[in-house]
Amino acid sequence: MTSDVQQQPKKADFIRDSVKADISSGRHYGRVQTRFPPEPNGYLHVGHAKSICLNFGIAEEFGGFCNLRFDDTNPETESVEFVNSIHHDIEWLLGKTLSKEPLFASDYFENMFEWAVTLIKRGKAYVDDQDAATISELRGSYTQAGENSPFRERSPEENLELFLKMKDGGFAEGSCVLRAKIAMDHENMNMRDPVLYRIRKKSHFRTGNKWVIYPTYDWAHGQSDALEKVTHSLCTLEFESHRLLYDWFLEQLEVPIDQRPYQTEFARLNFTHTVLSKRLLKKLVEDGVVAGWDDPRMPTISGLRRRGYPSKSIRNFCQHIGIAKTNSTHEIELLESFVRTELNQSSQRRMAVIDPVRLTITNWPEGKIEYRTAINNPENESAGTRDIPFSGSLFIEREDFKEDPPAKFFRLSPGREVRLRYGYFVTCTDIVKDKSGKVVEILCTYDPATSGGKAPDGRKVKATIHWVEQTNCIKGSVATYDRLFSSERPDLLDDPFEDLNKESLEVLESAVFEPAVADVASNEVVQFERLGYFCRDESQVNLFHRTVGLRDEWANIQKRNKSK
RNA sequence: UGGCCCGUAGUUCAACUGGCGGAACGCCUGGUUUUGGUCCAGGAGGUUGCAGGUUCAAGUCCUGCCGGGCCAGCCA
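As a starting point, this report considers the structure included with it. What you are looking at is a predicted structure, and each value in this text was computed from that prediction instead of being measured.

In total, this model carries 26 aromatic pairs according to the counting rule given. Aromatic pair Phe163 and Tyr197: ring centres 5.4 Å apart, planes at 55°, arrangement tilted. You can see Phe163 sitting in helix α7 (residues 156-167) and its partner Tyr197 sitting in strand β6 (residues 195-199), a full 34 residues away along the chain. For Phe163, a relative accessible area of 0% translates into the label buried.

Listed below in C-alpha cells is the structure:
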C-alpha cells in the first residue's frame, strides 16, 4: 500500500476554512461552485495542476460543482488546438471525463454587452477616444494621481451611441475603448478607469466575425463568474489588486449580495530547475531547445504524461503541498518522490541493461539456456512471476564493473564475487580490453550451488546486479532526462537560457532488454530493476523514457566524496 | 517616493477562539532485504524576519522597523 502519510493527508487550508465558514453562515445558502478558467493560448503545465486540483477538489468535497470555462476573450492568441489539449490534459489529470461540456466566456459576450450598456446608462462607463499611449500616460503612477480624459464627461446618450457604433464596426482598431468611470486618483491603479472593451477586427475561433469589440479580462471574468453563479472564484496572487474592481462591477450591476461570487487568491506553484511562464515555455519550443510542448523534459501536463508521471502522483502532490498565500518554490525532488511512491506500488519489474558490456561465464555448459523465475512486482503479489532466459553469455551494466574499485563500491571487480539477480553467484576471473584500453568483456565463473540465490556454505556477497541474456535480448534505446536548467531558480536570471543544462537529454541507443519487455504496452511504466522507472514511447519502437531514477545511495556516496 | 499582500527546520506546509513549535520531502545512522530500491527504527536540523509592548503565558494580539512579492497592457 502507498504510505498513508502520502495518501491521506488532512485537507485544510485557508480557502477550505473560508468555504466551510461560508457554508455554516449560509452565505450562498450552502451552495459551493467553482471554476477553472484557462485561456486557450498555450498548454497546461504543473502550475495549472495545482489550480485544477483545488477548484475541482473543493467542488467535490463540498458537494458543489466546478466548471471548466475557457477565458477566450482575446482572438489574437487563442485557438481550438489549445482548447482541445487543455480539455484532454484536465481529464487525464483528474483521471475522469468531465460530466459537463466546457463553457466559454465568449458564450456570454451578449450578456456582457448588455451589462456594459447598463453601466453606460447609469453614467458608470464612457467611450474614450484617446490612444493607448495617452491613456497610459494619463493614468499617472503609484505615487501620482492620474488625470481625467477629456472624453470622460460625455453624456450617457452620446456614450451609448458611440458604443453601439464601436460594436457595429464603425471605428478603426485602437481608435477608442469603453472605460469604466471610477476615479483617476484611486490608490489602486486598477480602479483608474479600467478599459472594458477594445476593438479587434480579428476572427475569433468560436464567434467568428460576429464581434469586433472584445471584453478585457477584468470585465469578462467576474461577469462570467456571476452568470454561472460561481460562489468561490479562486485565482492566483497577482490578481489580488483586481479584487476591488471585481467587486465594484458586481456592485454597480446590482448583483444581489447572496448571489455574488467572491474572489480569493492563493500562491501559484513554482519549481526549482524549471520555468513555468507561458512565454518561456513557448520559447523553449520555438527555439528548438526541446522537441515540442510534450517533450518529456517540459513541465507541461503533456510532457509529464509522456515522461510517465502517473496523474495520481501529481494529484497527491498537489494535495500534499496545500494552499497558502506565501510565494514559494518547491524542490522538484518532492514531486519526484510522489512519482516514485506511486510507481513503486504500481509498476511491474523488468531487467534492462542500458549501457551494456559483455559478461561471459567460462564454466557454463556450452549452449545451455536455463529459465529463471522472476517476481513481477514485489509490492503486489497478484502481478505474478515470469521466466527469464539465462546462459553463459550475458550483458551487464558497464557501471557495475570497476577494474579498480573505489571505497564502498560493492559491485563487480577482478576477483570479487557478486550475485546475478535471479541467477547465480559469479566471480570475476579476468577481463578483455580493446586496443584503447576499454573493457569489452568480463570473464567470470559461476557457482552452480548458488542457484537459489544463496550459498550453501553461508558466504555472503555485498551486491546483486542485473543482467540480460545475449541471444534472447531485445535491442532498443533509452532516453534519460535531467533538469532543463542547471540553477535552482532560472526564472530569476536575466537570461534563463544561458543556464540551460546541455545534458538534459541523453539517448542510449544500444540498450538491451529481457524478452518480457515485449509485454510492456505503449505509455506503460515499468521499473527496470536497479535503474529506475521507464515509460514506453507510444510511437517509436523499443524506445523507453526514463520517468525517474530510483533513490540512489551510491550516487550520494560519490557526491559526498567529491565534495570532500 | 503610494497601495495591497507575505515572512515558522535546507524546501514546502501544520499548530482550534493566546496554552509544552509538528509533518512531509531532503540529509545522516542502524535494521531488514536476491533491487545500494522498498520497508522498519532512530537522529541531526528552529533566536517562529528584527525590536519593543500587552499578558501568568505570544508563532498567534498591538506598535515600529527589515526583507520579499504584486500593481502604471486596449494580456490574462
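Bringing the environment of Glu91 into the picture now. Structurally, Glu91 is set in helix α4 (residues 80-94). Ignoring any residue separated from it by four or fewer positions in sequence, one finds Glu91 in contact with Lys96, Thr97 and Leu98. Side-chain polar atoms of Glu91 contact the backbone nitrogen of Leu98, separated by 2.8 Å.

Let us look at the protein's contact with RNA strand B. Lining the immediate surroundings of RNA strand B are 72 residues, of which Tyr142, His330, Arg349, Arg421 and Gln527 lie closest. The sugar and phosphate moieties of RNA strand B supply 64% of its atoms located within 4 Å of the protein. Within the backbone of Ala132, one N or O atom sits 3.2 Å away from a base nitrogen of RNA strand B. Ser136 is positioned with one of its side-chain polar atoms (N or O) 3.1 Å from a phosphate oxygen of RNA strand B. At the level of secondary structure, the elements contributing two or more residues to the surface near RNA strand B comprise α1 (4-7), α6 (132-138), β6, α12 (311-321), α13 (332-346) and α14 (553-563). The greatest single-element share of the surface near RNA strand B, amounting to 5 residues, is contributed by α14.

Turning next to helix α9 (residues 243-252). Of the positions making up α9, those classed as buried are Leu245, Tyr246, Trp248, Phe249, Leu250 and Gln252. Buried residues in α9 make contact with α5 (109-121), β5 (177-180), β6, α8 (217-228), β8 (232-236) and β9 (262-266). Glu254 sits one or two positions beyond α9 and adopts a positive phi of about 55°.

Calculation notes
- As a convention, each chain's residues are numbered from 1 in the sequence order in which they are written.
- To read the labels, note that chains go from A and ligands from 1, taken in the order they are written.
- Under the rules for a predicted model, residues below a pLDDT of 70 receive no local features and side-chain atom pairs below 80 are neither given nor counted, while totals for whole chains, interfaces and linings still include all residues.
- Side-chain measures were taken over the full set of non-hydrogen atoms in the model, leaving aside hydrogen atoms and water.
- In this scheme Phe, Tyr and Trp rings, the latter by its six-membered ring, pair at centre separations within 6.5 Å, and the angle between planes marks the pair as stacked below 30 degrees, edge-to-face above 60, and tilted otherwise.
- Runs of E in the DSSP output that reach at least two residues are strands. Runs of H or I that reach at least four are helices, and both are numbered from the N terminus.
- A 1.4 Å probe rolled over the protein chains alone gives each residue an accessible area, and that area as a share of the maximum for its type sets the label: buried under 20%, exposed over 50%, partly exposed in between.
- The contact criterion used is simple: two residues touch if any of their non-hydrogen atoms lie within 4.5 Å.
- As used in this structure description, the phrase polar contact means that two N or O atoms lie within 3.5 Å; if the pair is within protein, one of them must be able to donate a hydrogen and the other to accept it, and residues adjacent in sequence are counted only when both atoms belong to side chains.
- If even one non-hydrogen atom of a residue comes within 4 Å of a molecule or strand, that residue is called near it.

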